[in-house]
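One-letter residues, chain by chain:
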Amino acid sequence: MASAFLTHHQKVLRLYKKSLRHLESWSDNRHDYRFHACVLRGRFDDNLAEKDMVKATMLLKTGEEEFWTKQHPAPYIFPDSPGGTSYERYECYKVPEWVLEHWHPSEKAVYPDYFAKREQWKKLRLESWDKEITQLQLEAEAGGPKTEALPPARIDGDLPPLWWQIVTRPRAQGA
Amino acid sequence: MAARVLQHCVRTLRLSSGPLALRAAVVPAAPLHRALSFYSADRRTRCVNKFPSLDVLCRQYGQLPPLTLESIEERVLYVLKLYDKINPEKLQATSHFMKDLGLDSLDQVEIIMAMEDEFGFEIPDGEAEKLMTPDEIVQYIADKKDIYE
């Protein structure tokens, strides 16, 4: 997303998605859900061609209010999403990569290729660090960063800023 | 990963040396003990687990089979072919939903929801609205699940 504000289009899509999810939580079986989902889609499609932004915003407002009154008290949340059962469950087992530095040399000797490769990666990181920092300082906005998104590398042959954090992030699946 | 390594060790130990060496490792065995243990192990070989105590060392949690890029692509295309607004003959991995297949943004939301249901994790709205081809969806899922990274 370019800016911090949502466009009308985006707001409508988000309302559609969350109303479908809550509809799913209310439905007893899949057939009922599909029927009501199609009916809801018909309602959204009726007002698709609205060009008057005032009317469109009023429609969105009434839609949001209807969603609020009809929402499910305990909607289905996916396990890995915030509020779900498995959210951040394995965060404590995700060991950061700097722990590898603290391995005993006898332990490191069990994986010589891996640690040799790792030395090369660390050298690369050392070389590109200054360039990353200068790029971030050049592109820094006055009031602080507006989004969490990092900029890509601007110069050919350069690495994107703070690439080490992304490359050495802990694995998503449990190995 | 540690669990898998342990399981592998247990399996190789079982296959290679059998009950004798293990017994010798666990308890200093006299020849008489060995004969007895061989006999009792023989009886136990009829059951599935020779050494249930060793199974305790490696826990086996219920997990889905590991994802591969091919399997993700297969599943994504399968779900898309089931969608009635898409013509299955025209569907390619690189076909754009809006330009090539003539779908709406509401349809794209429905497709993303079907992908969420298929793979069992949520795709946040900010990133979902950018996924416009099956290839991008596959890339996104592989990114989130760290497949062949």
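Keep in mind the model is a prediction, meaning the values are calculated, not measured. (Residues numbered from 1 in each chain as written. Chains lettered and ligands numbered in written order. Predicted model: local features only at pLDDT ≥ 70, side-chain atom pairs only at ≥ 80, totals over all residues. Heavy atoms only, no water.)

Peer 1: Any details on the overall build of chain B? Residues and values, ideally.
Peer 2: Scanning chain B for helices and strands turns up 7 helices and 0 strands. Reading the helices (α) and strands (β) of chain B from amino to carboxyl end gives α-α-α-α-α-α-α. Across the 149 residues in chain B, those meeting the buried criterion constitute 34%. Here the analysis covers contacts within chain B between residues at least 6 apart in sequence; of these, 55% occur between residues at least 24 apart. Carbon and sulfur atoms make up 58% of the accessible area of chain B, which totals about 9700 Å². (Helix = DSSP H or I, 4+ residues; strand = E, 2+ residues; numbered from the N terminus. Buried < 20%, exposed > 50% of the residue type's maximum accessible area, 1.4 Å probe, protein only. Contact = heavy atoms within 4.5 Å. Areas by Shrake-Rupley, 256 points an atom, 1.4 Å probe, with all protein chains shown as cover.)

Peer 1: Residues and numbers for the environment of Lys146(A), please.
Peer 2: Residue placement: Lys146(A) occurs in the loop between helix H5 (112-138) and helix H6 (163-167). For the pair Lys146(A) and Val95(A), spaced 51 residues apart in the sequence, the C-alpha separation amounts to 29 Å.

Peer 1: Go over the packing of helix H1 (residues 8-26) of chain A against helix H3 (residues 53-70) of chain A with me, naming the residues and quoting the values.
Peer 2: Residues and elements named next belong to chain A. At their nearest, the axes of H1 and H3 sit 11 Å apart, and the two run at 25° to each other. With respect to their mutual orientation, H1 and H3 come out roughly parallel. You can see that H1 and H3 cross each other, and the crossing is left-handed. Residues His8, Lys11, Val12, Leu15, Lys18, Ser19, His22 and Trp26 of H1 lie in contact with H3, whose contacting residues are Met53, Ala56, Thr57, Leu60, Gly63, Glu64, Phe67 and Lys70. (Axes fitted to C-alpha atoms, helices over the stretch in contact; angles between N-to-C directions. Parallel < 35°, antiparallel > 145°, perpendicular 65-115°, else oblique. Left-handed = near helix turned anticlockwise from the far one by under 90°.)

Peer 1: Describe the interface of chain B and chain A, and please don't skip the residues or the numbers.
Peer 2: The partner chain A presents 27 residues to the 28 residues of chain B that form the contact. Buried area between chain B and chain A, both sides added, is near 2400 Å², and the carbon and sulfur share of it is 46%. Among the residues of chain B in contact with chain A, Leu106(B), Met113(B) and Asp146(B) are the three that bury the most area, contributing 25% of the side total. One can count 11 salt bridges joining chain B with chain A. We note a salt bridge from Glu116(B) to Arg21(A), for which the minimum N-O separation is 2.5 Å. Our enumeration of links across chain B and chain A arrives at 13 residue pairs in polar contact (both at pLDDT 80 or more). Counting residues per element, the ones that place at least two in the side of chain B that touches chain A are helix H5 (105-119), helix H6 (125-128) and helix H7 (134-145) of chain B. (Buried area = accessible area lost by both parts, 1.4 Å probe. Salt bridge = Lys/Arg side-chain N within 4 Å of Asp/Glu carboxyl O. Polar contact = N/O pair within 3.5 Å; in protein donor to acceptor, adjacent residues only side chain to side chain.)

Peer 1: I'd like to hear about the UniProt feature "domain: Complex 1 LYR protein" (unreviewed entry) in chain A, residue by residue, with values.
Peer 2: Sites flagged by UniProt as "domain: Complex 1 LYR protein" (unreviewed entry) map to residues 10-68 of chain A. In the segment residues 10-68 of chain A, helix accounts for 85% and strand for 0%; the C-alpha atoms at its two ends are 18 Å apart. (UniProt positions renumbered as here; feature names shortened; annotations may be inferred.)

Peer 1: Please give an account of empty space enclosed by the protein that cites residues and values.
Peer 2: One pass over the full model with this rule turns up 1 cavity of 30 Å³ or more. For the largest cavity, the calculated volume is near 90 Å³. Of all the secondary structure elements, the ones that give two or more residues to the lining of the largest cavity are H1 of chain A together with H5 and H6 of chain B. Tallying contributions element by element places H1(A) first for the lining of the largest cavity, with 4 residues. (1 Å grid on protein atoms, 1.4 Å probe; cavity = no way out; pocket = protein on both sides within 12 Å on 5 of 7 lines; lining within 4 Å. Points joined across faces, edges and corners; volume = space filled by probe spheres on them.)

Peer 1: Provide a residue-level description of the packing of aromatic side chains, including the pertinent values.
Peer 2: Residue and element names in this part refer to chain A. Within the structure shown, the criterion is met by 8 aromatic pairs over all chains. Relative to Tyr111, the ring of Trp103 has its centre 6.3 Å away and its plane inclined at 55°; by these criteria the two rings are tilted. Between Tyr114 and Phe115, the ring centres sit 5.6 Å apart and the planes meet at 90°, which makes this aromatic pair edge-to-face. Judged by its relative accessible area of 9%, Phe115 falls in the buried class. An aromatic cluster of at least three residues, connected via ring pairs, comprises Trp103, Tyr111, Tyr114 and Phe115. (Phe/Tyr/Trp six-rings, centres within 6.5 Å; stacked < 30°, edge-to-face > 60°.)

Peer 1: So what's going on with unusual backbone geometry? Which residues, and what values?
Peer 2: Positive phi outside glycine occurs at Glu88(A), with the angle close to 55°. By the secondary structure assignment, Glu88(A) is in the loop between H3 and helix H4 (105-108). If you check the backbone angles, Asp146(B) has positive phi at about 55° while not being a glycine. Among the secondary structure elements, Asp146(B) is positioned in the segment after H7.

Peer 1: Please give an account of the UniProt feature "domain: Carrier" (unreviewed entry) in chain B that cites residues and values.
Peer 2: The feature "domain: Carrier" (unreviewed entry), as annotated in UniProt, sits at residues 70-145 of chain B in this numbering. Secondary structure content for residues 70-145 of chain B is 58% helix and 0% strand, while the C-alpha to C-alpha distance between its ends is 14 Å.

Peer 1: Go over the side chain of Ser128(A), please, and point to the residues and values.
Peer 2: With respect to the element layout, Ser128(A) can be found in helix H5. A distance of 3.0 Å separates the side chain of Ser128(A) from the side chain of Trp163(A), its partner in a polar contact.

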